[in-house]
Amino acid sequence: MKINFHKFLLCSIAIAGMFLTACAPKSDKTVIRMGHFPNISHAQALVAHQLSRQGKGWFEARLGDKVDFQWALFNAGPSAMESLLSGAVDITYVGPSPAINAFSRTGGDDVRIIAGSADGGAALVVNPKKNIIKPADFKGKRIGTPQLGNTQDVACRAWLVKNGINITLIGGDAHVIATPNPEQMPLMRKGVLDAVWTVEPWVTRLIDEVGAKVYLEQTNTVTTVLVANINLINKHPDLLKKIIDAHNELTDWINKNPQEAQKLVHAELQALTGGKISIDLVRKSWNRLIFTSSVNEKSLQEFVDDAYKCKLLKKRVDITKLLYK
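Everything quoted here is computed from the prediction, not taken from an experiment.

Cut-off values and rules
Residues numbered from 1 in each chain as written. Predicted model: local features only at pLDDT ≥ 70, side-chain atom pairs only at ≥ 80, totals over all residues. Heavy atoms only, no water. Helix = DSSP H or I, 4+ residues; strand = E, 2+ residues; numbered from the N terminus. Rg over C-alpha atoms; globule rule 2.2 N^0.38 Å. Buried < 20%, exposed > 50% of the residue type's maximum accessible area, 1.4 Å probe, protein only. Contact = heavy atoms within 4.5 Å. Areas by Shrake-Rupley, 256 points an atom, 1.4 Å probe, with all protein chains shown as cover. Lys, Arg positive; Asp, Glu negative; His and termini not counted. Charge placed at Lys NZ, Arg CZ, Asp CG, Glu CD. Pairing = 2+ DSSP bridges. Axes fitted to C-alpha atoms, helices over the stretch in contact; angles between N-to-C directions. Core = buried A, V, L, I, M, F, W, Y, C linked by side-chain atoms within 4.5 Å. Parallel < 35°, antiparallel > 145°, perpendicular 65-115°, else oblique. Nonpolar A, V, L, I, M, F, W, Y, C, P; charged D, E, K, R; others polar.

Here we look at the overall build of the protein chain
For step 1, the next point in the chain: Helix and strand counts for the protein chain come out as 13 helices and eleven strands.
For step 2, the next point in the chain: The C-alpha radius of gyration computed for the protein chain amounts to 20 Å, which stays within 12% of the reference 20 Å derived for 325 residues, consistent with globular compactness.
For step 3, the next point in the chain: The buried share of the protein chain, taken over its 325 residues, is 50%.
For step 4, the next point in the chain: Counted over contacts in the protein chain with a minimum sequence separation of 6, partners at least 24 positions apart contribute 75%.
For step 5, the next point in the chain: As presented, the protein chain carries roughly 15500 Å² of accessible surface, and 53% of it is formed by carbon and sulfur atoms.
For step 6, the next point in the chain: Here the protein chain holds 40 positive side-chain charges and 30 negative ones, and the gap between their average locations is 5 Å.

So this is what it looks like as structure tokens:
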């Protein structure tokens, strides 16, 4: 019998974790689990996660001794939202499209956007060897996005449709292929992908390491928001307020101290990727992003409309209730 070692290892870790949890003494602390991605567009989380590693936790210091604050890592939005809905995490940095989709799926009951985080930083880049000059040139091409239904995937599909290129979930005039960010570079080098729609730091990596060219750039659209599940909102409104205040304060600190923030982001990305990210990459990516704690409601509504047109939403969503106020 052939054993999938990766699955075996994950199962072993899960069983061990269940055993340790069952045997561990009960704590009167409230556990808060926060998720994020290893993307520079999640700079607030990267800074705070690195400070946690250094024993200077940003959120920990502001939530108090009665809170056990923990981190969780995701590759893309849909998987982060599944964890949020299941209660595996209480709060997460995520793109707007997965948040909107989760809100729609649950009838508007289980998810709330509690703050903005980053705008811009996403782009469509192309292989210069493919001679892609105008929208019609994408016909027959293979375009990578981080995950089906994530923010860049929806943006890509909507843009193709607006430019007269018929697409379906699995085919059409162009092929939009869900491709995890780390896999996009080797696949573009091999010519498997003709273009990629993604977010920083992967945009800059594709440009610098593969020679990709920017075809179009999203300079002010909502890229990242901070989302909480309804259980946290209802059970711990006092902690929720502290989290929002801490996030807003951190965003302000990042904007006032970009060089220090970049160093912390770099250190955390180094820890998460095994030393594959340079400080120069962080600095280049930084210039494409706007860090903000406010939410652009107009941009959110555009995501709703785009997801509906791409048939990733079955019906239009009223986002008024999605925003926590």
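What follows picks up the thread again.
As for the pairing of strand β4 (residues 111-120)
For step 1, the next point in the chain: Of all ten residues that make up β4, ten are buried, and the element is covered over most of its length.
For step 2, the next point in the chain: Examined bridge by bridge, β4 and strand β11 (residues 289-291) share three bridges and lie antiparallel to one another. Within the sheet, the bridge partner assigned to D119 lies in β11 and is I290.

Things to note about the sheet that holds strand β8 (residues 195-199)
For step 1, the next point in the chain: Taking strand neighbours across the sheet as the criterion, the five strands line up as β7-β6-β8-β5-β9 in an open arrangement whose pairing is mixed. At either end of the open sheet lies a strand with only one pairing partner, and these are β7 (175-178) and β9 (213-218). The mean angle between the axes of side-by-side strands here comes to 20°, regardless of whether they run parallel or antiparallel.
For step 2, the next point in the chain: Sheet topology note: the strand β6 (residues 142-145)/β8 ladder contains two bridges and is parallel. Bridge pairing in β8 places G144 opposite V196.
For step 3, the next point in the chain: Sheet strands in contact with helix α6 (residues 151-162) are β5 (122-126), β6, β7, β8 and β9, and its direction is about 135° off that of β8.
For step 4, the next point in the chain: In the packing of helix α7 (residues 181-189) onto the sheet, the strands contacted are β5, β6 and β8, and the crossing angle to β8 comes to about 155°.

Regarding the sheet that holds strand β2 (residues 67-73)
For step 1, the next point in the chain: Taken in spatial order, the six strands make up an open sheet running β2-β1-β3-β10-β4-β11, and their pairing is mixed. Of all the strands in the sheet, the pair left with one neighbour each is β2 and β11. Strand-to-strand twist in this sheet, taken as the mean axis angle between neighbours without regard to direction, amounts to 25°.

Here we look at unusual backbone geometry
For step 1, the next point in the chain: Omega for the peptide link from E200 to P201 comes to 10°, which places this bond in the cis form.
For step 2, the next point in the chain: Within the fold, P201 resides in the loop between β8 and α8 (202-210).

A short note on the nonpolar core
In a soluble, globular protein the nonpolar side chains are often hidden away together inside.
For step 1, the next point in the chain: One finds F59, I91, V265 and W286 to be the most contacted residues of the largest nonpolar core, which totals 42 residues.
For step 2, the next point in the chain: The residues touching F59, leaving out its near neighbours within four places in the chain, are M34, A48, F69, W71, Y93, I243, A246, H247 and L250.
For step 3, the next point in the chain: The next biggest cluster of nonpolar side chains, apart from the first, holds 26 residues, and it includes M81, A102, V222 and F303.

A few points about the side chain of D153
For step 1, the next point in the chain: By the secondary structure assignment, D153 is in helix α6.
For step 2, the next point in the chain: In this view, D153 contacts T145, Q147, L148, V176 and L312; residues no more than four positions away in its chain are not counted.

Quick notes on the packing of helix α2 (residues 43-53) against helix α10 (residues 237-256)
For step 1, the next point in the chain: Taken N-terminus to C-terminus, the directions of α2 and α10 make an angle of 95°; their axes are 10 Å apart at the nearest point. The orientation of α2 relative to α10 falls into the category roughly perpendicular. When α2 is examined against α10, the residues A43, Q44, V47 and A48 are found in contact with a partner set consisting of H247, L250, T251, W253 and I254.
For step 2, the next point in the chain: When grouped by side-chain class, the residues that make up the contact of α2 with α10 number six nonpolar, three polar and no charged.

Shape descriptors only; they carry no functional weight alone.
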